[in-house]
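Residue-level listing of the chains:
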Amino acid sequence: MSWKPSAMLRYTALRAGLFVVSFGVIWGLVYLHILPAGLGKSNLLWVLLLALVVSAPLSYVLLRGARDRASVQISDRVERSRAAYQAKAADEDEADEAARAQSA
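The paragraphs below set out a description of the structure included in this document. Because the structure is a prediction, the values reported are computed rather than measured.

### A word on a negative patch on the surface
Stage number 1. Negative charge collects at one region of the surface, where Asp91, Glu92, Glu94 and Glu97 lie side by side.
Stage number 2. Note on placement: glutamate 94 falls in helix α3 (residues 64-103).
Stage number 3. A relative accessible area of 54% places glutamate 94 in the exposed class.

In structure tokens:
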């Protein structure tokens with residue numbers, strides 16, 4: 001069986017990368033005094049929050065394909081788990097009925 005990387009792990013890595021890039025760009029704009037530097041010693045918090053606000057809609061638009069692949073992979077895994085659970089429940093029901101028939 002070949003190893004297939006998780007689509008959710010790939011999406012998470014892409015999302016984190018987009019946040020890091022946004023943080024770097026915003027940090028550069030603050031350093032160049034194009035964006036305000038926050039109040040007092042809140043500069044890092046300001047840049048973090050602004051990077052989060054900027055990267056969220058960007059990831060929604062730019063990472064649509066990766067998010068859809070992760071969603072398909074997760075729903076497939078849930079369906080396999082559900083089918084395995086139902087098969088196991090059916091096996092238990094058959095064993096229970098066989099035991100009842102044998103005792104009667």
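So, next bit.
### Some points on the nonpolar core
Stage number 1. Ala7, Tyr11, Leu18, Leu63, Ala66 and Ala70 form the largest nonpolar core, which has six residues in total.
Stage number 2. The element best represented in this core is helix α1 (residues 7-31), accounting for three residues.
Stage number 3. Leucine 18 has contacts with Ser55, Leu58, Ser59, Leu62 and Leu63, leaving out every residue within four places of it along the chain.

### With respect to the pattern of salt bridges
Stage number 1. Applying the stated criterion across every chain, the model contains one salt bridge.
Stage number 2. Residue glutamate 79 is joined to arginine 82 by a salt bridge in which the shortest nitrogen-to-oxygen separation is 2.8 Å. Placement of both glutamate 79 and arginine 82 in helix α3 is noted, with a separation of three residues, approximately one turn of the helix.
Stage number 3. For glutamate 79, a relative accessible area of 43% corresponds to the partly exposed category.
Stage number 4. On the basis of relative accessible area, arginine 82 is assigned to the partly exposed category, the value being 41%.

### Describing α1
Stage number 1. Spanning 25 residues, α1 covers 36 Å between terminal C-alpha atoms, matching the ideal 36 Å at 1.5 Å per step.
Stage number 2. Residues of α1 that are buried: Ala7, Tyr11, Leu18, Ser22, Ile26 and Val30.
Stage number 3. Here α1 starts with a cap whose side-chain oxygen sits 3.2 Å from the backbone nitrogen of methionine 8, and that cap is serine 6.

### So, a nonpolar patch on the surface
Stage number 1. Judged by side-chain polarity, Trp27, Tyr31, Leu32, Ile34, Leu44 and Leu48 come together as a nonpolar surface patch covering roughly 660 Å² of accessible area.
Stage number 2. Counting only elements with at least two residues in the nonpolar patch, the list comes to α1 and α2 (43-62).
Stage number 3. When you line up the elements, tryptophan 27 lands in helix α1.

Criteria and cut-off values
Residues numbered from 1 in each chain as written. Predicted model: local features only at pLDDT ≥ 70, side-chain atom pairs only at ≥ 80, totals over all residues. Heavy atoms only, no water. Patch = residues over 30% accessible without salt bridge, like charges linked within 9 Å, V, L, I, M, F, W, Y side chains within 5 Å. Areas by Shrake-Rupley, 256 points an atom, 1.4 Å probe, with all protein chains shown as cover. Salt bridge = Lys/Arg side-chain N within 4 Å of Asp/Glu carboxyl O. Lys, Arg positive; Asp, Glu negative; His and termini not counted. Charge placed at Lys NZ, Arg CZ, Asp CG, Glu CD. Helix = DSSP H or I, 4+ residues; strand = E, 2+ residues; numbered from the N terminus. Buried < 20%, exposed > 50% of the residue type's maximum accessible area, 1.4 Å probe, protein only. Core = buried A, V, L, I, M, F, W, Y, C linked by side-chain atoms within 4.5 Å. Contact = heavy atoms within 4.5 Å. Expected span 1.5 Å × (residues − 1). Polar contact = N/O pair within 3.5 Å; in protein donor to acceptor, adjacent residues only side chain to side chain.

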